[in-house]
Amino acid sequence: MLEMSVQNPPTNFPGPIDPSVLYEQEQHISSAIWEGQDRGTLRCHEHTSKIDGWKLTKKQIDLVGKAGFGYFRLIGQVSLNNPLISALVERWRRETNTFHLPSGEITITLDEVVRILGLRVDGEAVVRDNSAVGSNTEICENLLGKAPNSDAKEIKGGMVKLGWLKENFSECSEDASNEEVERQTRAFLMYLVGSTIFATTSGNLVPLLYLPLFKDFDKAGNYAWGAAALAFLYRQLGKASMKSQGTISGSLTLLQCWSYFHLNIGRPELKQDLSHRFPLALHWKGRLNTQTKSDVVMYRQKLDSLDSSDKQIDWTPYKDLDSSSIPENFRGDLTLGRSRTILLCMDKAEWHLPDRCLRQFGLHQSIPKDVQRRETKNNEVDNELDMSKRMDSELQEWSNCWQNIVDVVEDGDGTDESEYTTWYSNITRKLVHRRAFAPSQFQESVSEMMKIQEIAYAASTEDLNMKNKLALEKIKALVDRYLANRVEGFKVLEKRKRSSESSQNDEEPLN
C-alpha cells in the first residue's frame, strides 16, 4: 500500500516523492506554509543605508582597492524588496545549496559574484588569522589606534558596533599620517563588510575576526572575498529556509540582483542601458522604474507557476552583455563558476555545486552527483582536533578548486533532458503555495487531532496487554509530534503531558 502511494501520489502532492535528496523537508519552511503556517515576510538585515556617508580620501580609496574592494565599494545602498527575498528563500534548499524551481535547480555561482559585486573569487580562503595575538581590545588598539568601550556597549561578544566605527573613523583628514590613513581605512573596510557581505542578524555588529585580515592591504587583496561572501550567503539562506527562522542576513544585494537577472519577477525596469557598467549591481542602484511590489504570497505563486519554457526564467542572462567592461584581472575568475568545490568563510564551509545547474552555463542538464549530507554538530564528538582536521580537509578542497571544473560531454545532440526531468520531479518540492488551502481546514484538523490526543492520554493502560500499551504509546507520540509542529497544538502539548499522569487513575478506560 505504501509503495503504491509513493509511485502514484495525489495530483496536488507538493513533493518530494523521493526524500533522499531533500531529507530536511519536515524542518523546511515550505512544510509549514503548506500546513497554513505562513510566517510572512522575513526581516532582512543588510545595513547599507549609511555607507555613502563615509568620506574617503584618495589615499584611502587606493588602499581599499589594494584590499580587493575598489569596485565593490561603488555599489553602496540598493533598496531591498523584502517580500521577493522571502519568497526566494522559501525555494532555497541547504541540502543542495540551490533554489528548487518547478523545472530544475538554479543557484548563485562564483562567476556571478564577480559580475554582480565586483569581488575576486580566486585566492586564499578567508579564514581566521591565527597569527593575530592579544585581546580584542589590544587588536583594536594596534590596528585602529583606539578600542571600543565595553561599558558603553560598543563591543559585545567579540563583535564591534558599526555605529562606533562610523562615529570614530568616517572622516579622514587630507594631511593625516600614513599610519592614521591605514587605521581609518581598516575601520571603513570593517564597516563595509559588516554592513554588506558579512552582515549579521544581530543588527549592527561586525565580528572583530575580520580586522586582522586587513592589517596588510596587499595581503588582503589576495583573499577570495567573493567566495567568502557566497559561502556566508549560502549559510544564511540555509538558516532562513528553516521554519523556525524569521530573519536573514548576508549579501542580500547579491541575492536580489541575481534574481533580477535570472527571473522576471519583481524586476524593476531599467531607465537606460547599463550593460557596460561594472559591477552589475550598479544596474539596480538609485531610483528605478519599479514594478508594483507584491506581497510574499504573490511572489510565491509566481515562482510556483514557472516552467522550463517560461520566458520568466533566463538561465544565461549574461551571454549578450559586453564582457569588455569586466576588468582584465577579474576575467580569469569567471571560470570558477563551474568549479565543484567548498567555499569557506571563517568557520563556515559550504558546497558550491554548479553540476546541479548546468543550464546556467548553456549546457544540457544531466542527473548530478550525490551531495554529502550535512553534518549535525555534536559537542561531545566535534572536539577541537576534529574541527582542525575538517578545516584542513576543506582548505585542501578549496586549494584544488581549479582542478574541479565541471566539464560536461554532451550525449547525442545534447537536447534530451527527459531522464533528468523524471528524476528531478521525484526528488524536488514542486509547490510551496497551497492554492486550495483554507485556514479553517487547518484549524479543523488541529482541533480533531487535539481530541484524539485527549482521548489517548485519558485512556487507562491498566487492563491492556504489553502490545496494546505500546500501540497506545505510539499513538500518543505520533499525535504529539503532529501537534508540536502546529501552532495551536504546541500551546497545549506540555499542559497535556503534565496533567496526564496525575489524572490517569481517575479517568474511564478506553473502550
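Residues numbered from 1 in each chain as written. Predicted model: local features only at pLDDT ≥ 70, side-chain atom pairs only at ≥ 80, totals over all residues. Heavy atoms only, no water.

*Asks:* Is there a simple way to think about the overall build of the protein chain in this case?
*Replies:* If you tally the helices and strands in the protein chain, you get 18 helices and ten strands. Across the protein chain, every contact between residues at least 6 apart in sequence was considered, and the portion connecting residues at least 24 apart equals 79%. Carbon and sulfur atoms make up 47% of the accessible area of the protein chain, which amounts to about 25,600 Å² in all. (Helix = DSSP H or I, 4+ residues; strand = E, 2+ residues; numbered from the N terminus. Contact = heavy atoms within 4.5 Å. Areas by Shrake-Rupley, 256 points an atom, 1.4 Å probe, with all protein chains shown as cover.)

*Asks:* How should I be thinking about the packing of aromatic side chains in this particular structure?
*Replies:* Any aromatic ring pair is given by two values, namely how distant the centres are and how the planes are angled relative to each other. Taken as a whole, this structure holds 22 aromatic pairs when the rule is applied. Seen from their ring centres, Trp54 and Phe188 are 5.4 Å apart, and the 65 degrees between their planes marks the pair as edge-to-face. Of the two residues, Trp54 sits in the loop between β1 (43-44) and α3 (58-66) while Phe188 sits in helix α8 (residues 178-195), which places them 134 residues apart along the sequence. Like Phe188, Trp54 is buried. Summarising the aromatic geometry, the rings of Phe261 and Trp284 are spaced 5.7 Å apart at their centres and angled 75 degrees between planes, so their arrangement reads as edge-to-face. Of the two residues, Phe261 is situated in helix α11 (residues 252-262) and Trp284 in the loop between α11 and α12 (296-304); the sequence distance between them amounts to 23 residues. According to the relative accessible area criterion, Phe261 is buried, its value standing at 9%. Each residue in the set Phe69, Phe72, Phe198, Tyr210, Phe214, Tyr223, Trp225 and Phe232 is aromatic and connected to the rest through ring pairs, giving one cluster. Between Arg120 and the ring centre of Phe330, over which it is positioned, the NZ or CZ distance is 5.9 Å. Positioned above the aromatic ring of Tyr23, the side-chain terminus of Arg373 is 4.0 Å from the ring centre. (Phe/Tyr/Trp six-rings, centres within 6.5 Å; stacked < 30°, edge-to-face > 60°. Buried < 20%, exposed > 50% of the residue type's maximum accessible area, 1.4 Å probe, protein only. Lys NZ or Arg CZ within 6 Å of the ring centre and 35° of its normal.)

*Asks:* Just to check I follow, could you spell out unusual backbone geometry for this structure?
*Replies:* Peptide bonds are, in most cases, trans, and in most cases residues other than glycine have a negative phi. Residue Pro16 is bonded to the preceding Gly15 through a cis peptide linkage, with omega at 0 degrees. You can see Pro16 is positioned in the loop between α1 (2-7) and α2 (29-34). With an omega of 0 degrees, the peptide bond running from Phe278 to Pro279 counts as cis. Locating Pro279 in the fold gives a position in the loop between α11 and α12.

*Asks:* Any chance you could explain the sheet that holds strand β3 (residues 98-101) here in plain terms?
*Replies:* Whenever strands of a sheet pair, they do so through backbone hydrogen bonds, lying parallel or antiparallel. Pairing is antiparallel across the open sheet formed by three strands, whose spatial order is β2-β3-β4. Each end of this open sheet is capped by a strand with a single partner; those strands are β2 (92-93) and β4 (104-106). Where β3 lies against β4, three bridges are found, and the strand directions are antiparallel. Considered in β4, the bridge of Phe99 is made with Ile106. (Pairing = 2+ DSSP bridges.)

*Asks:* Any chance you could explain helix α7 (residues 162-169) here in plain terms?
*Replies:* In an α-helix there are 3.6 residues to a turn, and that puts residues three or four apart on one side. Taken residue by residue, α7 has Leu162, Trp164, Leu165 and Phe169 as its buried positions. In an axial view of α7, the angular spread of the buried residues amounts to 160 degrees, which keeps them on one side of the axis. The elements touched by buried residues of α7 are α6 (136-144), β6 (159-161), α8 and β7 (205-207). (Arc of directions from axis to C-beta.)

*Asks:* Teacher, can you tell me more about the pairing of strand β10 (residues 348-352) here?
*Replies:* The side chains of a regular strand alternate, first on one face of the sheet and then on the other. Summarising burial for β10: four of the five residues are buried, a large majority. One ladder, built from five bridges, connects strand β9 (residues 341-345) with β10; its direction is antiparallel. Its bridge partner lying in β10, Ile342 is registered against Trp351. In textbook terms, the turn of a hairpin is the stretch between consecutive antiparallel strands, and for β9 and β10 this stretch comprises two residues, one of which, Met346, has a positive phi near 55 degrees.

*Asks:* Would you mind showing me how to read the nonpolar core here?
*Replies:* One broad trend across soluble globular proteins is that nonpolar side chains are buried collectively. Counting 109 residues, the largest nonpolar core has Phe69, Leu165 and Tyr210 as the members making the most contacts within it. With eleven residues, helix α10 (residues 225-240) is the largest single contributor of residues to this core. When near neighbours in sequence (up to four residues on either side) are disregarded, Tyr210 contacts Met190, Phe198, Phe232, Cys345 and Met346. Core analysis: the next-biggest nonpolar cluster, separate from the first, contains five residues, Val21, Leu22, Tyr420 and Ile427 among them. (Core = buried A, V, L, I, M, F, W, Y, C linked by side-chain atoms within 4.5 Å.)

*Asks:* What is the right way to look at the pattern of salt bridges in this model?
*Replies:* Charged atoms that come close allow side chains of opposite charge to pair. Scanning the entire structure with this criterion turns up 17 salt bridges. Of the charged contacts, one joins Arg91 and Asp304 as a salt bridge, the two residues approaching to 2.4 Å between their closest N and O atoms. Of this pair, Arg91 sits in the loop between α4 (82-89) and β2 while Asp304 sits in helix α12, and the two are 213 residues apart along the sequence. For the pair formed by Arg91 and Asp304, the shared burial category is buried. One salt bridge in this structure joins Arg340 and Asp355, with 3.2 Å as the shortest N-O distance. Taken together, the positions of Arg340 in the loop between α13 (328-331) and β9 and Asp355 in the loop between β10 and α14 (384-399) put the pair 15 residues apart, joining distant regions of the chain. For the pair Arg340 and Asp355, a shared accessibility class is recorded, and that class is buried. Through salt bridges with shared partners, a single network forms among Asp38, Glu90 and Arg300. (Salt bridge = Lys/Arg side-chain N within 4 Å of Asp/Glu carboxyl O.)

*Asks:* Help me understand the pairing of β3 in this model?
*Replies:* Side chains Thr98 and His100 of β3 all project onto a buried face; the interleaved residues Phe99 and Leu101 project onto the opposite face, where all are buried too. In the sheet, β2 pairs with β3 via two bridges, with the strands oriented antiparallel. For Trp92, the partnering residue across the bridge sits in β3 and is Phe99. Count of turn residues in the β2/β3 antiparallel hairpin: four residues, of which Asn97 carries a positive phi of about 55 degrees. Adjacent in sequence and paired antiparallel, β3 and β4 are bridged by two residues.

*Asks:* How do you make sense of the environment of Pro354 when you look at a structure like this?
*Replies:* Among the structural elements, Pro354 can be located in the loop between β10 and α14. As a C-alpha pair, Pro354 and Thr341 span 13 residues in sequence and 9.1 Å in three-dimensional space. For Pro354, the contacting residues outside a window of four places in its chain are Gly337, Arg338, Ser339, Arg340, Phe361 and Val406.

*Asks:* In this structure, what is going on with α11? I would like to understand it.
*Replies:* Burial within α11 is extensive, with eleven of its eleven residues counted as buried. Those residues of α11 that fall on the buried side of the exposure criterion are Leu252, Thr253, Leu254, Leu255, Gln256, Cys257, Trp258, Ser259, Tyr260, Phe261 and His262.

*Asks:* Which parts of the structure should I look at to understand the sheet that holds β6?
*Replies:* The strand order β5-β6-β7 describes an open sheet built from three strands, whose pairing is antiparallel. The open sheet has two free edges, formed respectively by β5 (155-156) and β7, since each of these has just one partner strand. Where β6 lies against β7, three bridges are found, and the strand directions are antiparallel. Counterpart to Met159 in the pairing with β7 is Pro207. Packing of α7 onto the sheet brings it into contact with β6 and β7, and relative to β6 it is tilted by some 55 degrees. (Axes fitted to C-alpha atoms, helices over the stretch in contact; angles between N-to-C directions.)

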